[in-house]
Amino acid sequence: MAVLLELRDCRLAYPSDRKNQPDRLALAVDELTLREGDRVALLGRSGAGKSTLLRHLRDGLADSASWCPQQAALVPQLKVFHNIFAGALERHSGFANLKNLLLPSPRFREEIATLAQPLGIRELLWTKAEELSGGQKQRVAIARALYQRKPVLLADEPVSALDRRQGRDILDLLSRRHGTSVIAMHNASLALEVCNRVIGLGDQRVLFDSPVDQLDPDTIERLYR
Ligand SMILES: Nc1ncnc2c1ncn2[C@@H]1O[C@H](COP(=O)(O)OP(=O)(O)OP(=O)(O)O)[C@@H](O)[C@H]1O
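Residues numbered from 1 in each chain as written. Predicted model: local features only at pLDDT ≥ 70, side-chain atom pairs only at ≥ 80, totals over all residues. Heavy atoms only, no water.

Student: Please give an account of the overall build of the protein chain that cites residues and values.
Tutor: Looking only at helices and strands, one finds eight helices and eight strands in the protein chain. A compact globule built from 225 residues would reach a C-alpha radius of gyration of about 17 Å, and the protein chain, at 18 Å, matches this within 12%. Overall, the protein chain is about 50 × 45 × 35 Å in size when its C-alpha atoms are taken along their principal axes. A buried classification covers 50% of the 225 residues belonging to the protein chain. Restricting the contact set of the protein chain to residue pairs at least 6 apart, pairs at least 24 apart contribute 67%. When the accessible surface of the protein chain is split by element, carbon and sulfur atoms take 48% of a total near 11800 Å². (Helix = DSSP H or I, 4+ residues; strand = E, 2+ residues; numbered from the N terminus. Rg over C-alpha atoms; globule rule 2.2 N^0.38 Å. Buried < 20%, exposed > 50% of the residue type's maximum accessible area, 1.4 Å probe, protein only. Contact = heavy atoms within 4.5 Å. Areas by Shrake-Rupley, 256 points an atom, 1.4 Å probe, with all protein chains shown as cover.)

Laid out in structure tokens, this is it:
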């Protein structure tokens, strides 16, 4: 499968909050190759570096990746429709974007209604984002990522506020719509069901990088001890 991105000897760090102190290492990656068709789950305890790695991959993949951040990051005063439409502002002209804010065209209404249907948010398209529950906001953020229509999906805990069944259905949908995905997750058993590769992070490094069918439960459990 084609290589989409390669990381070698990569040190991901943040500036120290103390003056004249060296940067603080968040994650060291010796080697990581992302190939077309990979469905990667990033697992690890809180603070292990999942978001940091995702952001780095996003920078590397630039225009070929759709992005679904950990916090839904919706514009609270805008309707759900417009928050989803915001995923594709760059695809349309400035005039179309402005017009759509005031008077959405039938074409965009139809496109977004079709996208919202399987996520269970079609009835909410004309509700303001600030009036949604956490799980509804998360599904709007997923719709906005889907509307970006990029070949790779990078998503940071996209179904953490949903129940298991709903989470599984939505992860399946995301897999069908993107040839390649990297998803940070807390639910390891769900990750094993929907992904074909798991990268385990801990101690500021990659502890393992393995196809799902070669992983034993102990390896995953050790991540959380
Ligand atoms: N903007 C930032 N500035 C400074 N340090 C940061 C920043 N973002 C993350 N870090 C640090 O980098 C490390 C990795 O954080 P990161 O958010 O990538 O972990 P995570 O695995 O995504 O955690 P969680 O599961 O809680 O979202 C942590 O020690 C964190 O404190």
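Student: Can you lay out the site of the ligand for me, pointing to particular residues and giving the numbers?
Tutor: The immediate surroundings of the ligand are formed by 14 residues, with Ser46, Gly47, Lys50, Ser51 and Thr52 found nearest. Gly49 is positioned with one of its backbone polar atoms (N or O) 3.0 Å from an oxygen atom of the ligand. The separation between an oxygen atom of the ligand and a polar side-chain atom of Thr52 is 2.5 Å. Relative to its unbound accessible surface of 630 Å², the ligand loses 64% to contact with the protein. Judged by the fraction of its atoms near the pocket grid, the ligand is located in the largest pocket. Among the elements of the structure, β2 (24-35) and α1 (50-61) are those that each provide at least two residues to the shell around the ligand. Here the shell around the ligand takes four residues from α1, the largest share from any one element. Residue composition of the shell around the ligand, grouped by class: three nonpolar, seven polar and four charged. (Near = heavy atom within 4 Å. Polar contact = N/O pair within 3.5 Å; in protein donor to acceptor, adjacent residues only side chain to side chain. 1 Å grid on protein atoms, 1.4 Å probe; cavity = no way out; pocket = protein on both sides within 12 Å on 5 of 7 lines; lining within 4 Å. Sits in = over half its atoms within 2 Å of the grid points. Nonpolar A, V, L, I, M, F, W, Y, C, P; charged D, E, K, R; others polar.)

Student: Can you lay out the layout of surface pockets for me, pointing to particular residues and giving the numbers?
Tutor: Where empty space is left can be seen by rolling a probe of water-molecule size over the atoms. Considering only enclosed or pocket space, the largest pocket measures out at about 420 Å³ in volume. Along its surface, the largest pocket is lined by 24 residues, and Arg45, Ser46, Gly47, Ala48 and Gly49 are the ones closest to its centre. Of all the secondary structure elements, the ones that give two or more residues to the lining of the largest pocket are β2, α1, β7 (197-202), β8 (205-211) and α8 (217-223). By residue number, the principal contributor to the lining of the largest pocket is α1, which donates four residues. Of the residues belonging to the lining of the largest pocket, the class tally is eight nonpolar, 10 polar and six charged. (Points joined across faces, edges and corners; volume = space filled by probe spheres on them.)

Student: A description of a nonpolar patch on the surface should follow, citing residues and the corresponding values.
Tutor: The grouping of Leu98, Leu101, Leu102 and Leu103 at the surface amounts to a nonpolar patch, some 440 Å² of accessible area in total. Along the polypeptide, Leu98 turns up in helix α3 (residues 94-102). Among the residues examined, Leu98 registers a relative accessible area of 52% and is labelled exposed. (Patch = residues over 30% accessible without salt bridge, like charges linked within 9 Å, V, L, I, M, F, W, Y side chains within 5 Å. Salt bridge = Lys/Arg side-chain N within 4 Å of Asp/Glu carboxyl O.)

Student: Tell me about the pairing of strand β4 (residues 65-68), and please be specific about residues and values.
Tutor: Residues Ala65 and Trp67 of β4 are buried on one face, and the alternating residues Ser66 and Cys68, pointing to the opposite face, are buried as well. In terms of strand pairing, β4 meets strand β5 (residues 152-156) through four bridges, oriented parallel. Residue pairing in the sheet places Trp67 in a bridge with Leu154 of β5. (Pairing = 2+ DSSP bridges.)

Student: Account for the UniProt feature "domain: ABC transporter" (unreviewed entry) in the protein chain, with residues named and values stated.
Tutor: When the UniProt feature table is mapped to this numbering, "domain: ABC transporter" (unreviewed entry) covers residues 5-223. Counting secondary structure, residues 5-223 comes out at 37% helix and 25% strand; the distance between its end C-alpha atoms is 25 Å. (UniProt positions renumbered as here; feature names shortened; annotations may be inferred.)

Student: So what about empty space enclosed by the protein? Which residues, and what values?
Tutor: Scanning the model with the defined rule gives one cavity of 30 Å³ or more in all. Estimates place the volume of the largest cavity at around 40 Å³. Forming the boundary of the largest cavity are Leu32, Leu34, Val40, Leu42, Leu53, Leu57, Val182, Arg197 and Ile199. Considering only residue class, the lining of the largest cavity consists of eight nonpolar, no polar and one charged.

Student: Lay out the side chain of Thr219 in plain terms, naming residues and giving numbers.
Tutor: Along the chain, the position of Thr219 falls in helix α8. Assessed through its relative accessible area of 16%, Thr219 is described here as buried. A polar contact of 2.8 Å, which involves the side chain of Thr219, links it to the side chain of Asp216.

Student: Report on the environment of Asp30, specifying residues and quantitative values.
Tutor: Mapped onto the elements of the fold, Asp30 is located in strand β2. Residue Asp30 is classed as exposed on the basis of its relative accessible area, which comes to 59%. In the structure, Asp30 is positioned 63 residues away from Ser93 in sequence and 42 Å away in space, judged by C-alpha atoms. For Asp30, the contacting residues outside a window of four places in its chain are Leu7, Arg8 and Asp9.

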